[in-house]
Amino acid sequence: MDLLDQFSNINFYLFGTFPKGEVGGLLLNIIMAFLAICFSCVFGIMLGYSRLSCRLYIKLPCIAYIELVRSTPLIMIIFWFYFFLPYLFGGNVTVFWSAVVSLCAYAAAYQAEIVRAGIMAVPKGQLEAALSTGMSRYNAMRYVILPQAFKIMLPSFVSFFVSLFKDTSVTYIIGVMELTQTGIIVSQRQPDKIYAAYLSMAIGFWVVCFTMSHLARRLEKRIGVFDLESIRPDACRDEFMLVPKTKKTGEGVDETPSCCSSDSK
Amino acid sequence: MITGVKITLILLVSTTISSLLLGTVIAIMRVSRIKVLRAFGTLYVEIFRNIPGLFWLLFFYFVFPDLLPPGLAIKLNTYTYYPVVAGIVGLTVDNASYVSDILRSGRLAIPHGQREAAISTGLGRVQQYIHVLLPQMFRAALPPLGTRMVHNFKNTSLCMAITAPEITWATQQIESLTFRGIEATAVATLFYILLAGVMVSIIITLEKVLKIDISSISHSETAS
């Protein structure tokens, strides 16, 4: 009975005050992560693709943005948006949205890197072959390169999603009522339930991340990541994405002139 | 702010070293032939990778002293630098799981011949690791390891949650004293970008110094 009593506010951890009040707890974490993933996927693909562009005025801002975001901790980005969004939208931005926007900005930079690595891992011949069959550049990307790149990107995408989900816990700093915040509040109001609070936090995160990574592994097998073995060294390296710059930019330099020239053909 | 930088550097250096050590031990456990050790290593990685680092920081700061005998707990809680110590421990256990995963893949990239050669020259198991396998593991795993270390550096900012007086915490203090949030955040961001740049350049030079033809190793491995 005592043990059950310890976990008496389990609903609070899972949904916050949802049916009566605002959403909170683990559900809020999932919602935030989901929104951030959806938006940042779009931005990430755009950023990553335009980073490979051979036009300097497109490429340089993208590189600047990606490098800037990647060398700043998430907390800093969250603070930035926390201070800035009210200036932009006139003071009535909820904490939740500023958290989602900052997570999105953070994730987009990392996904851009994954997308870039994925596109670059597709052999050059593929693009040349597609262009030589008379496809336009857009069609070549859409039907030939991106489907292949997507398969290569999938593992690193998913491992990034898992880490993004974990990073939603950081948003408690600006007062979002998610699982970490809930746990801290409960453990401070009712110090006798401190173990239960921390245990529920840990289990909550663990269950979601664990299922995500295992589903991902199964998905990978089913989608049949074709000859990932040959790409493994690159894929491994980009798994956590802060790619050593010299090597990658070196490759980028090799890459861009060729894609320019094939474009002009 | 300057003391903040100092504390951040302390956190960075100590967590890097300790997580490398712990990560190596776990990685060796995960590839060992003894089932219990392997299971323990896998369990460690699964647990610590799937729970956010922030949780571990909070755990070591708020909960861990409670688990100890009361006398020790009071001593810990009154110790001025306990937030820093808790930060180091929390970041280490979190980071070590990633390090061990990276090192394990580094270990798997080493061809079998290396180990066989080491055995045939009569090296013991410990000597094998020290002289033959570990150097190659680190070399093969250096790029992702460097990435992880930069990530770890960024994670030191999480220690503000447990009031370790590092850069981010100093920013918050300045903001609450002077209401100049944006300026303080800008300076802190600059510090972070600078330090990350320094770290990346150190890692790149390290890579150049320790350069080895990784591609040939991994290709021969995949071919076999």
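All figures in this text were calculated on a predicted structure; none of them were measured in a lab.

Caption draft 1: Structural context of the interface of chain B and chain A. Facing 44 residues of chain B, the contacting portion of chain A comprises 45 residues. By the criterion of area lost to chain A, the three top residues of chain B are B:Asn50, B:Lys154 and B:Ile182, representing 14% of everything that side buries. Our count for the contact surface shared by chain B and chain A stands at zero salt bridges. Applying the counting criterion to the chain B and chain A interface returns six residue pairs in polar contact (both at pLDDT 80 or more). Counting only elements with at least two residues in the side of chain B that touches chain A, the list comes to helix 2 (35-49), helix 3 (53-67), helix 8 (142-155), helix 9 (167-178), helix 10 (181-209) and helix 11 (214-223) of chain B. If one sorts the elements of the side of chain B that touches chain A by residue count, helix 10 of chain B sits on top with twelve residues.

Caption draft 2: Looking closely at empty space enclosed by the protein. In total, this model carries six cavities of 30 Å³ or more according to the counting rule given. Counted as a void, the largest cavity has a volume near 150 Å³. Among the elements of the structure, helix 8 (137-167) of chain A together with helix 3, helix 5 (82-108) and helix 8 of chain B are those that each provide at least two residues to the lining of the largest cavity. Broken down by class, the residue content of the lining of the largest cavity amounts to six nonpolar, five polar and four charged. The computed volume of the second largest cavity comes to approximately 90 Å³. A:Pro73, A:Leu74, A:Tyr106, B:Lys154 and B:Asn155 are, among the 13 residues lining the second largest cavity, the residues nearest its centre. Counting only elements with at least two residues in the lining of the second largest cavity, the list comes to helix 5 (74-89) and helix 6 (95-121) of chain A together with helix 8 of chain B. Of the residues forming the lining of the second largest cavity, the biggest block, three residues, is contributed by helix 8 of chain B.

Caption draft 3: Representation of the packing of helix 6 (residues 112-120) of chain B against helix 7 (residues 125-140) of chain B. All names here are of chain B. Running from amino to carboxyl end, helix 6 crosses helix 7 at an angle of 145°, the nearest separation of the two axes being 10 Å. Crossing of helix 6 over helix 7 shows right-handed handedness. Here Gln 114, Arg 115, Ala 118 and Ile 119 of helix 6 lie close against helix 7, whose contacting residues are Arg 125, Gln 128, Val 132 and Gln 136. A per-class count over the contact of helix 6 with helix 7 returns three nonpolar, three polar and two charged.

Caption draft 4: Fine view of the pattern of salt bridges. Residues and elements named next belong to chain A. Counted by the stated rule, this structure contains seven salt bridges over all chains. Linking Arg 51 and Glu 67 is a salt bridge whose minimum nitrogen-to-oxygen distance equals 3.6 Å. In this pair, Arg 51 sits in helix 3 (residues 25-51) while Glu 67 sits in helix 4 (residues 56-70), placing the two residues 16 residues apart along the sequence. Both residues of the pair, Arg 51 and Glu 67, count as buried. For Glu 113, the salt bridge is made with Arg 51, and the minimal N-O distance between the two is 2.5 Å. Residue Glu 113 is found in helix 6, and its partner Arg 51 is found in helix 3; the two are separated by 62 residues along the sequence. With respect to class, Glu 113 is no different from Arg 51; both count as buried. A single salt-bridge network, built from bridges that share partners, covers Arg 51, Glu 67, Arg 70, Glu 113 and Arg 116.

The rules behind each value
Residues numbered from 1 in each chain as written. Chains lettered and ligands numbered in written order. Predicted model: local features only at pLDDT ≥ 70, side-chain atom pairs only at ≥ 80, totals over all residues. Heavy atoms only, no water. Contact = heavy atoms within 4.5 Å. Buried area = accessible area lost by both parts, 1.4 Å probe. Salt bridge = Lys/Arg side-chain N within 4 Å of Asp/Glu carboxyl O. Polar contact = N/O pair within 3.5 Å; in protein donor to acceptor, adjacent residues only side chain to side chain. Helix = DSSP H or I, 4+ residues; strand = E, 2+ residues; numbered from the N terminus. 1 Å grid on protein atoms, 1.4 Å probe; cavity = no way out; pocket = protein on both sides within 12 Å on 5 of 7 lines; lining within 4 Å. Points joined across faces, edges and corners; volume = space filled by probe spheres on them. Nonpolar A, V, L, I, M, F, W, Y, C, P; charged D, E, K, R; others polar. Axes fitted to C-alpha atoms, helices over the stretch in contact; angles between N-to-C directions. Left-handed = near helix turned anticlockwise from the far one by under 90°. Buried < 20%, exposed > 50% of the residue type's maximum accessible area, 1.4 Å probe, protein only.

In short, shape yes, function no, at least from these values alone.
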